[in-house]
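# Remarks on the overall topology
One-letter residues, chain by chain:
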2 protein chains.
Amino acid sequence: MQRYKATVSYDGSGFTGYQIQPKGRTVQGEIEQVLRKLHKGQAVGVTASGRTDSGVHARGQVIHFDSPLKLSGDQWIKACNSLLPDDISFSKVEEAGSNFHARFDAVQKKYKYFLYGGPIRDPFRRHFAAHIRGSLDVKSMRRAADCLKGTHDFSSFCSAKTETDNKVRTLFELEIEEQGRELVLTFVGDGFLYNMVRIIVGTLLDVGSGKLDIDAIPDILSAKDRTMAGKTAPAEGLYLWEVFYENGK
Amino acid sequence: MQRYKATVSYDGSGFTGYQIQPKGRTVQGEIEQVLRKLHKGQAVGVTASGRTDSGVHARGQVIHFDSPLKLSGDQWIKACNSLLPDDISFSKVEEAGSNFHARFDAVQKKYKYFLYGGPIRDPFRRHFAAHIRGSLDVKSMRRAADCLKGTHDFSSFCSAKTETDNKVRTLFELEIEEQGRELVLTFVGDGFLYNMVRIIVGTLLDVGSGKLDIDAIPDILSAKDRTMAGKTAPAEGLYLWEVFYENGK
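Residues numbered from 1 in each chain as written. Chains lettered and ligands numbered in written order. Predicted model: local features only at pLDDT ≥ 70, side-chain atom pairs only at ≥ 80, totals over all residues. Heavy atoms only, no water.

## A look at the domain arrangement of chain A
Residue and element names in this part refer to chain A. Once the domains are mapped, chain A shows domain 1 (2–104) and domain 2 (107–244). The distance between the C-alpha centroids of domain 1 and domain 2 comes to 27 Å. Between domain 1 and domain 2, the contact holds 15 residues from the first and 14 residues from the second. Each partner contributes to the roughly 1,100 Å² buried at the junction of domain 1 and domain 2, and carbon and sulfur atoms together form 57% of this total. Contact with domain 2 buries surface across domain 1, with Asp53, His57 and Arg59 losing the most and accounting together for 43% of the total. Counting across the interface, domain 1 meets domain 2 through one salt bridge. Its salt-bridge partner being Asp53, residue Arg198 comes within 3.9 Å of it at the nearest N-O pair. (Domains from an automatic or database assignment. Contact = heavy atoms within 4.5 Å. Buried area = accessible area lost by both parts, 1.4 Å probe. Salt bridge = Lys/Arg side-chain N within 4 Å of Asp/Glu carboxyl O.)

Shown next as structure tokens:
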């Protein structure tokens, strides 16, 4: 058996999420079905760096799986992409060590969140960026973002359903760029709690629209109370952009 | 009654085309349904600059309609966009003279066609750009495009179903730009025959992939025979980008 590491893109709008569920179309379900076909009906389980929710996209999700097949990266890509539905695509496949683990070995992740403001909806962005009716004060959003960078207990910024006990995470990067008429928020961290990016975005939107003062951010952090932070921003703006592993993995 | 001119964007992937049909979801059908609601059940017909086929997009389709309502442009946009499905959006509405006609008064149109080459499909572009497996010789495509600019009988470059007798049209512009890893072909002309842009793109793709020699282009033009040109390129790459009217319309 050879362990393979694959990088996968998907448009999340047609899925109930990454992870296999009893009902609904999932990314994992589609991938495992294709791998089963390539293995003459034998089930091949895949393990991802983490789940993504319904409607959330991925540019660089990473998965691993074991296979007796000896194919090159390009051969895997060709074989899988010809069978996968057109909203999922393998962009890279490489051999990995037998102890490589897509989830446990991930040391950092990068997410991006796309949004735009203004009175007019863009039909071409409806699944790919969040639309905010009003205008946004980007400078204030950047200052609020700076308060969230670094190592904090992010209890206020994760879903009440989060099961992990330790909610301390480090945000190495939280940048807000203007790309054309859109804002792109880039998050790099050593780990992200459930809904953490979307709740941070929702809170920054409250700052950008003047509903929330920047000075409130440290208080929200120290309250460790989900109800203090902003709403969970919509799924369609969010992309799992890249997963980082240690050298040689 | 006041005549209004509206600029409309739509993602064509969910429609059987622009024009109302007995079966299937159409852009015109959705717009007329919304206008009917805004007019207390009274039917309001809309006239577009032209049809677009199933899967073809618009960034700047222009329509006109008559209404007894006296609303400002922003009020029309707000009222229509709140009722329209999220794959159609009004971006501009203005008062027009009572003799303004979205189709007959159009003097030029701009189309864009987006495509990309390479072995890996992009799930995010599957409805918005055509994917070509091989690589393309852009220089040759540009030289072939230059042969098509100007005034020609485009009989070889329109669907055999075209009903217009006069197939002479002028292409003022046919540029090929590289935008990231995509090619964007921009067409500006005084009029376009049925499938003309897509057949030109299909023929340029034959040149770009080495299947067709540039010298063949003048022969294809003079043959006035649809079977001499390339295949009709897929709908998903095509956008009606802008419609031009004479000053003051």
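Moving on, there is more to tell.
## Examining the interface of chain B and chain A
Counting from both sides, the interface comprises 24 residues of chain B and, opposite them, 24 residues of chain A. Contact between chain B and chain A buries roughly 2,000 Å² in total, counting both sides, with carbon and sulfur atoms accounting for 57%. Among the residues of chain B in contact with chain A, B:Arg121, B:Phe124 and B:Arg126 are the three that bury the most area, contributing 38% of the side total. With its nearest N and O atoms 3.5 Å apart, the salt bridge here joins B:Arg59 to A:Asp122. Taken together, chain B and chain A are joined by 14 residue pairs in polar contact (both at pLDDT 80 or more). Where the side of chain B that touches chain A is concerned, the elements lending two or more residues are strand S1 (2–10), strand S3 (57–67), helix H2 (73–83) and strand S4 (88–96) of chain B. The element that contributes the greatest number of residues to the side of chain B that touches chain A is S4(B), accounting for four residues. A breakdown of the residues in the side of chain B that touches chain A according to their chemical character gives twelve nonpolar, five polar and seven charged. (Polar contact = N/O pair within 3.5 Å; in protein donor to acceptor, adjacent residues only side chain to side chain. Helix = DSSP H or I, 4+ residues; strand = E, 2+ residues; numbered from the N terminus. Nonpolar A, V, L, I, M, F, W, Y, C, P; charged D, E, K, R; others polar.)

## What to know about the UniProt feature "domain: Pseudouridine synthase I TruA alpha/beta" (unreviewed entry) in chain A
All names here are of chain A. Mapped onto the present numbering, the UniProt feature "domain: Pseudouridine synthase I TruA alpha/beta" (unreviewed entry) falls at residues 6–105 and 144–246. In this annotation, residues 6–105 is assigned 23% helix and 27% strand; the end-to-end C-alpha distance for the span is 14 Å. Overall, residues 144–246 shows 25% helix and 31% strand. The separation of its end C-alpha atoms is 31 Å. (UniProt positions renumbered as here; feature names shortened; annotations may be inferred.)

## Side note on the relation of the copies chain B and chain A
The two copies are related by a screw motion: chain B maps onto chain A through a turn of 180° and a shift of 0.0 Å along the axis, at an RMSD of 0.0 Å. In short, the pair behaves as if placed about a two-fold rotation axis. Ranked by how close their C-alpha atoms come to the rotation axis, the residues of chain B are headed by B:Phe124, at 5.5 Å. Both copies present the same face, since 100% of the interface residues in chain B are matched by interface residues at the equivalent positions in chain A. (Least-squares fit on C-alpha atoms with pLDDT ≥ 70 in both.)

## A few points about the UniProt feature "active site" (unreviewed entry) in chain A
Residue and element names in this part refer to chain A. Taken from the UniProt record, the annotation "active site" (unreviewed entry) applies to Asp53. Looking at Asp53, the relative accessible area reads 24%, which means it is partly exposed. Setting aside residues up to four positions removed in sequence, Asp53 forms contacts with Gly17, Tyr194, Asn195 and Arg198. (Buried < 20%, exposed > 50% of the residue type's maximum accessible area, 1.4 Å probe, protein only.)

## Digging into the environment of A:Glu246
Relative to the helices and strands, A:Glu246 is located in the segment after strand S10 (238–245). With 140 residues separating them along the chain, A:Glu246 and A:Ala106 place their C-alpha atoms 7.6 Å apart.

## A closer look at the side chain of B:Lys109
Mapping B:Lys109 onto the fold places it in strand S5 (residues 106–117). At 11 Å, B:Asp190 is the nearest oppositely charged side chain to B:Lys109, a buried residue that forms no salt bridge. (Lys, Arg positive; Asp, Glu negative; His and termini not counted.)

## Some points on the packing of aromatic side chains
Tallied over the entire structure, the rule returns 27 aromatic pairs over all chains. Measuring from centroid to centroid gives 5.0 Å for B:Tyr4 and B:Trp76, while their planes differ by 65°, and the two rings are edge-to-face. Of this pair, B:Tyr4 sits in strand S1 while B:Trp76 sits in helix H2, and the two are 72 residues apart along the sequence. Judged by relative accessible area, B:Tyr4 falls into the buried class, the value being 1%. According to the relative accessible area criterion, B:Trp76 is buried, its value standing at 0%. Ring pairs connect the aromatic residues A:Phe114, A:Phe124, A:Phe128, A:Tyr239, A:Trp241, B:Phe114, B:Phe124, B:Phe128, B:Tyr239 and B:Trp241, which therefore count as one cluster. A cation sits over an aromatic face here: B:Lys112 above B:Trp241, 5.0 Å from the ring centre. Above the ring of B:Tyr116, the side-chain terminus of B:Arg181 is found at 4.8 Å from the ring centroid. (Phe/Tyr/Trp six-rings, centres within 6.5 Å; stacked < 30°, edge-to-face > 60°. Lys NZ or Arg CZ within 6 Å of the ring centre and 35° of its normal.)

## What about the nonpolar core?
One broad trend across soluble globular proteins is that nonpolar side chains are buried collectively. If you look at the biggest cluster of nonpolar residues, it comprises 70 residues, and the most contacted ones within it are A:Phe90 and A:Phe187. Sort the elements by how many residues they give to this core and helix H4 (residues 196–208) of chain A lands first, with eight residues. Here this core spans two domains, and each of domain 1 (2–104) and domain 2 (107–244) of chain A adds at least three residues to it. Contacts of A:Phe90, omitting those with residues within four sequence positions, involve A:Ala6, A:Thr7, A:Val8, A:Ile31, A:Ile63, A:Phe65, A:Ile77, A:Cys80, A:Asn81, A:Leu84 and B:Ile120. With 69 residues, the next largest nonpolar core counts B:Tyr18, B:Leu35, B:Phe187 and B:Met196 among its residues. (Core = buried A, V, L, I, M, F, W, Y, C linked by side-chain atoms within 4.5 Å.)

## Focus: helix H1 (residues 27–38) of chain A
Residues and elements named next belong to chain A. With twelve residues, H1 extends 17 Å between its outermost C-alpha atoms, agreeing within 8% with the 16 Å of an ideal straight helix rising 1.5 Å per residue. Listed in full, the buried residues belonging to H1 are Val27, Gln28, Gly29, Glu30, Ile31, Glu32, Val34 and Leu35. Structurally, H1 contributes buried residues whose contacts are with strand S1 (2–10), strand S3 (57–67), helix H2 (73–83) and strand S4 (88–96). The N-capping residue of H1, defined by a side-chain oxygen 2.9 Å from the backbone nitrogen of Gly29, is Thr26. Looking at the residues trailing H1, positive phi occurs at Lys40, about 50°. (Expected span 1.5 Å × (residues − 1).)

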